[in-house]
Amino acid sequence: MDQSVAIQETLAAGDYCTLAVQGVLCEGDSRQSRLLGLVRHRLEQGGEEHALFLYTHRRMAITGDDVSLDQMVPLSRDFSLEEVSPDGELYILGSDVTVQLDTAVLSLLFKLPFGSHTRMFLQEVARACPGFDPATPHPEFLWLSRYRSAQLESEWPKLPTPQTWNAAPGGSTVDSSGPNGKGLLGEQGSWAQEKPDGTSTRQNKSKSEITDMVRSSTITVTDKAHILSVQKFGLRDTMVKSHLVQKEEDYTYIQNFRFFVGTYNVNGQSPKECLQPWLGHDLQAPDVYCVGFQELDLSKEAFFFHDTPKEEEWFKAVSDSLHPSAKYAKVKLIRLVGIMLLLYVRQEHAAHISEVEAETVGTGIMGRMGNKGGVAIRFRLHNTSICVVNSHLAAHPIEYERRNQDYKDICSRMQFCQADPSLPPLTISKHDVILWLGDLNYRIEELDVEKVKKLIEEKAFQTLYAYDQLRNQVSAKAVFEGFTEGQLTFQPTYKYDPGSDDWDTSEKCRVPAWCDRVLWKGKNITQLSYQSHMALKTSDHKPVSSVLDIGVRVVNEELYRKTLEEIVRSLDKMENANIPSVSLSKREFCFQDVKYMQLHVETFTIQNGPIPCHFEFINKPGEDSYCKQWLNASPSRGFLLPDSHIEIELELFVNKTTATKLNSGEDTIEDILVLHLDRGKDYFLSVSGNYLPSCFGSPIHTLCYMKEPILDLPLETIRELTLMPIQTQDDGNQLENNHMEVPKELWMMVDFLYRNAVQQEDLFQQPGLRSEFEHIRDCLDTGMIDSLSANNHSIAEALLLFLESLPEPVICYSAYHNCLECSGNYSASKQVIATLPTFHRNVFNYLMAFLQELLKNSAKNHLDENILASIFGSLLLRNPAGHQKLEMAEKKKAQGFIHQFLCSSP
């Protein structure tokens, strides 16, 4: 989110916040969040000046009311902003950027998040520091006094007077290069303005030394394309890289590295005890730490706004508890709500870490919310690619199928961008080593709690292990296929009374289970230990650790050069004049009976001839994509060695974006794909099929006029009703008496929940099963209400998906801004609802009445007005501009609008 909007609201007319970045002000052991804004002021006599405005703020700065001006730092002659490496830390690509801000009277240290936004911010600051014209003695920065005067004097540090800020005579330059002429930021890396005598205002000798030690992904020996001593010819370069990968064993050897992999569900608690019994228990210091947490923060703020102060608390607790006999550098921290993963490496190995990327996948309700899901960090250590995944899967003993689905969703949706944007993203499986840790939530089944406790007391862990859900699901090849887990020689890690080693004594009396696990996949991996750590008692879980010896491929530079020379000589002999050609196993694809949100896949094979080639699906003339929105080719581009082949999957998936036009017949399952060979010819693939119309993606008024199930109606009738305009008021239309008050499909889902789920815990927060959604969809589309049988959570999620798929939301786009404006004024809000088209108004009132019934049972289902307002606010009120996510200020107003109706008397 662009937080410069909040800063702009605090500025005087004519001043402009160019860019803002979220940072952390570091003062000794203190860490305080700050919002840094680059503010531009235009001078009356021409030209412009800049200053950094530093704000304290709430957790998320949305409006000017959320920020408070703390300091102003003019970009004057003595200003410098320089990337540094804090004492005792090594800089690693992908880690946070530490910058030192200096003026004549001020010295501040900030940590800024790694990424393109920070890089852009620093570049803008660099560009805002031009030389000053000594012939123009105008009083620069006097405009800042109007901001300062608005603050209490006690709030401000003793800043220099405007006269001090004036530029002294003499030229001034900005050194936009880092050590050796290039920093992390490329050509706009770290910078420092020079004094008139040419000396830098600040020097950091260790920075140069450290940067020389740490290689970015563009200069490591593993990035073969960059260091080749041959001219780059595109295709030739790709072939060299491919041959280098094939001959990797000729120039590498295996070296073992010690990995500590740990997981801890902290149950929303802050760190209350030293973590060294867990993190530093081994006599030998690990080379790499992979430390994962779950349930870092259980508050609603963390769930809905993704911000928590506990991130810093646990990060500090971990950093303070690493093995005392070695020094470590933080590589990366990634967090999704309460799921956090930390990666550290011993400083002596930091130079060999590269290609660091981090991603998240939420698998909570509607497959997006981050209360469940996974975070991952991938990197390259020497010549071995490694992916570390921390996941928190679905809860409750009977939900093992949902856990299986969460695992598959994380595997399919977790994708890492590569340094070369032309290359497809990497998935978890595309790594040499995969380490998977977390609260996987698999339970012990078929045994009652007393029997489980008795086996634990007897230390009969192998007997108990036979009833472990994860073991049984892995044996059935339902999850973690190809992964290995060490033998469980420790007692279950869940559930304890916090602060003790006693099993759960609450009313629910949970059955003990091995929820917290570590698995791995890859070659040359030996587990040295696998254990829980009973000494830690903060949570209702016990932390788990696995120490692994992992064989990593290390490059022998001499053999590498020799191999490279042989490959280049071999390619020199290759004849490149021939035109590449391929054969396709299939060119016509027919997808029968396509349904809403049901994936259909057809495959074909591209068989290459004797000439290596690049292939790619290309756009047809006048089109901005190579295929229609409901279709995707995977992979859509690639490279084929001589006589090799590749299998292409054509994936057809209809969602809320494409369903409406397919329902109305404005679009059909028809497309032509053009497969292009670089320096070769084009091949044409025909795609056809038929779509089964669905209530999902159909307008509200259309469904109200459909008394028969949608699949029982002629396609022409569906087309006419779907394209029929919304009636803003009763106009005596001939169809007026031939309709229902609300869509029957909506009634079927709400009625089911009213009869079965008003006391259901976690309703609208716990995801359902995908297979059950397909059953629900079919029942709604065929009108088979008597066959509607599914888990309460599946019906609830289907209801949310139904509302999300409406092409015109329940509260019409035309009323969106009026609703936001009157949020907080219930009387005005009711008037806006009264102006909605009849069917939309009926649906809104019907849903509000149902949600109020749920709230009457809040003692059982634990729902409250805030949760329901947050969930339904973004579904019933959607931005007409088509933004997928509401801005935070809009989101709060939308929630407030719905909240009024939930709290009112029915």
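Keep in mind it's a predicted model, so treat the numbers as computed, not measured.

(A) Up close: the overall build of the chain. Assigned secondary structure in the chain consists of 28 helices and 31 strands. For the chain, long-range pairs separated by at least 24 residues make up 70% of all intrachain contacts whose partners lie at least 6 apart in sequence. For the chain, the exposed surface amounts to about 39,600 Å²; the carbon and sulfur share of it is 48%.

(B) How the structure looks around the confidence of the model for the chain. Residue-level pLDDT values for the chain average 83, and 82% of them are 70 or greater. Long-range and interchain partners of residues 150-233, a stretch whose pLDDT sits below 50, account for 167 contacts in this model, where long-range means more than four residues apart.

(C) Spotlight on the packing of helix α27 (residues 865-876) against helix α28 (residues 888-903). Viewed as axis vectors pointing N to C, α27 and α28 meet at an angle of 125 degrees, and their least axial separation amounts to 8 Å. Taken together, α27 and α28 sit at an angle that is classed as oblique. Judged by the sense of rotation from one axis to the other, the crossing of α27 with α28 is right-handed. Contacts from Glu865, Asn866, Leu868, Ala869, Ser870, Gly873 and Leu876 of α27 reach α28 at Ala894, Gln895, Ile898, His899, Leu902 and Cys903. A class-by-class count of the residues in the contact of α27 with α28 yields 7 nonpolar, 5 polar and 1 charged.

(D) Spotlight on the environment of Glu804. Inspection of the secondary structure puts Glu804 in helix α22 (residues 792-805). Using a relative accessible area of 15% as the deciding quantity, one classes Glu804 as buried. Distance in space between the C-alpha atoms of Glu804 and Phe696 is 8.8 Å, their sequence separation being 108 residues.

(E) Representation of the environment of Lys453 in the model. Relative to the assigned elements, Lys453 resides in helix α13 (residues 449-457). Spatially, the C-alpha atoms of Lys453 and Gln491 are 9.7 Å apart, while their sequence positions differ by 38 residues.

(F) Structural view of the layout of surface pockets. Of the pockets and cavities examined, the second largest pocket occupies roughly 1,100 Å³. Around the second largest pocket sit 38 residues that line it, and Glu295, Leu298, Asn371, Lys372 and Asp762 are the ones nearest its centre. Considering every element that reaches the lining of the second largest pocket, the biggest residue donor is helix α10 (residues 300-305), with 3 residues. Of the residues assigned to the lining of the second largest pocket, the class counts are 9 nonpolar, 15 polar and 14 charged.

(G) Inspection of helix α24 (residues 826-834) at higher detail. Of the residues making up α24, those classed as buried are Ser829, Val832 and Ile833. The arc that holds the buried residues of α24, viewed along the axis, is 100 degrees, so those residues lie on one side. Packed against the buried residues of α24 are α23 (816-821), α25 (838-856) and α28.

(H) Local environment of the side chain of Asp409. Summarising the element assignment, Asp409 is placed in helix α12 (residues 400-413). Among the polar contacts made by the side chain of Asp409, one reaches the side chain of Arg770 at a distance of 2.9 Å. Residues in contact with Asp409, not counting those within four places in the same chain, are Val361, Thr363, Arg402, Met414 and Arg770.

(I) The arrangement of the nonpolar core in detail. Leu753, Phe764, Leu803, Ile811, Phe844 and Phe897 are the most contacted members of the largest nonpolar core, which has 104 residues in total. Broken down by element, the residue count for this core peaks at 9 residues, all from α25. With sequence-adjacent residues up to four places away left out, Phe764 is seen in contact with Ile365, Leu753, Ala796, Leu799, Leu800, Phe850, Leu851, Leu854, Leu868, Ile871 and Phe872. Formed by 48 residues, the second largest nonpolar core is a distinct cluster that contains Phe259, Cys290, Leu437 and Phe490.

(J) Inspection of the sheet that holds strand β7 (residues 107-112) at higher detail. The strand order across the open sheet built from 7 strands is β4-β3-β2-β1-β7-β6-β5, with neighbouring strands paired in antiparallel fashion. The sheet is open, and its two borders are formed by β4 (67-74) and β5 (80-83), each paired with just one other strand. Put simply, the sheet's adjacent strands are angled 35 degrees from each other on average, direction ignored. Looking at chain direction, strand β6 (residues 97-102) and β7 are connected through 6 bridges and run antiparallel. Bridging across to β7, Val99 finds its partner in Phe110.

(K) Just a nonpolar patch on the surface, in detail. Judged by side-chain polarity, Leu599, Val601 and Phe653 come together as a nonpolar surface patch covering roughly 250 Å² of accessible area. Position of Val601 relative to the elements: it lies in strand β25 (residues 600-608).

(L) Summary view of the packing of aromatic side chains. Per the counting criterion, the structure on display carries 28 aromatic pairs. Measuring from centroid to centroid gives 5.2 Å for Tyr251 and Tyr560, while their planes differ by 75 degrees, and the two rings are edge-to-face. Note that Tyr251 is positioned in helix α8 (residues 248-251) and Tyr560 in helix α16 (residues 557-572), a separation of 309 residues in sequence. Across this residue pair, the class does not change: Tyr251 and Tyr560 are buried. Between Tyr264 and Trp278 the ring centres are 5.5 Å apart and the planes differ by 75 degrees, which places this aromatic pair in the edge-to-face class. Here Tyr264 is found in strand β10 (residues 252-265), whereas its partner Trp278 is found in helix α9 (residues 276-279), with 14 residues between them in sequence. Within the aromatic cluster, the residues linked to one another by ring pairs are Phe260, Tyr264, Trp278, Tyr289, Phe293, Trp314 and Tyr328.

(M) The arrangement of the packing of helix α21 (residues 770-782) against α22 in detail. The geometry of α21 relative to α22 is characterised by a closest axis approach of 9 Å and an angle of 65 degrees between their N-to-C directions. Between α21 and α22 lies a crossing of right-handed hand. Of the residues in α22, those touching α21 at Glu772, Phe773 and Ile776 are Ser794, Ile795, Ala798 and Leu801. For the contact of α21 with α22, the class distribution of residues is 5 nonpolar, 1 polar and 1 charged.

(N) Quick peek at helix α11 (residues 310-319). Those residues of α11 lying buried are Lys310, Trp314, Phe315, Ala317 and Val318. What you see down the axis of α11 is that its buried residues fit within an arc of 160 degrees, all on one side. Packed against the buried residues of α11 are β10, α9, β11 (288-294), β12 (328-336) and β13 (339-346).

(O) Structural context of the state of the cysteines. By the definition in use, this model includes 0 disulfides. Here Cys822 stays free of any disulfide, with the sulfur of Cys819 as its closest cysteine sulfur at 5.6 Å.

(P) Spotlight on the pattern of salt bridges. The full count for this structure, using the stated rule, is 30 salt bridges. A salt bridge links Glu348 to Arg346; the nearest nitrogen and oxygen atoms lie 2.9 Å apart. The exposure class assigned to Arg346 is buried, which follows from its relative accessible area of 17%. A cluster of three or more residues bridged by salt bridges with shared partners is formed by Arg40, Arg42 and Glu48.

(Q) Representation of the sheet that holds strand β14 (residues 353-362) within the structure. A sheet is described by the order of its strands in space; here 5 strands give the open sequence β14-β15-β16-β19-β20, paired in mixed fashion. A single partner strand is all that each edge strand has here, and the edge strands are β14 and β20 (516-521). Each neighbouring strand pair of the sheet contributes to a mean axis angle of 10 degrees, computed without reference to strand direction. Bridging between strand β16 (residues 384-392) and strand β19 (residues 433-439) involves 7 bridges; their strand directions are parallel. Of the residues in β19, the one forming a bridge with Val388 is Leu435. This element, α12, spans β14, β15 (373-381), β16 and β19 of the sheet and lies at about 135 degrees to β14.

About the cut-offs
- Residues numbered from 1 in each chain as written.
- Predicted model: local features only at pLDDT ≥ 70, side-chain atom pairs only at ≥ 80, totals over all residues.
- Heavy atoms only, no water.
- Helix = DSSP H or I, 4+ residues; strand = E, 2+ residues; numbered from the N terminus.
- Contact = heavy atoms within 4.5 Å.
- Areas by Shrake-Rupley, 256 points an atom, 1.4 Å probe, with all protein chains shown as cover.
- pLDDT = per-residue confidence, 0-100.
- Axes fitted to C-alpha atoms, helices over the stretch in contact; angles between N-to-C directions.
- Parallel < 35°, antiparallel > 145°, perpendicular 65-115°, else oblique.
- Left-handed = near helix turned anticlockwise from the far one by under 90°.
- Nonpolar A, V, L, I, M, F, W, Y, C, P; charged D, E, K, R; others polar.
- Buried < 20%, exposed > 50% of the residue type's maximum accessible area, 1.4 Å probe, protein only.
- 1 Å grid on protein atoms, 1.4 Å probe; cavity = no way out; pocket = protein on both sides within 12 Å on 5 of 7 lines; lining within 4 Å.
- Points joined across faces, edges and corners; volume = space filled by probe spheres on them.
- Arc of directions from axis to C-beta.
- Polar contact = N/O pair within 3.5 Å; in protein donor to acceptor, adjacent residues only side chain to side chain.
- Core = buried A, V, L, I, M, F, W, Y, C linked by side-chain atoms within 4.5 Å.
- Pairing = 2+ DSSP bridges.
- Patch = residues over 30% accessible without salt bridge, like charges linked within 9 Å, V, L, I, M, F, W, Y side chains within 5 Å.
- Salt bridge = Lys/Arg side-chain N within 4 Å of Asp/Glu carboxyl O.
- Phe/Tyr/Trp six-rings, centres within 6.5 Å; stacked < 30°, edge-to-face > 60°.
- Disulfide = S-S within 2.5 Å.

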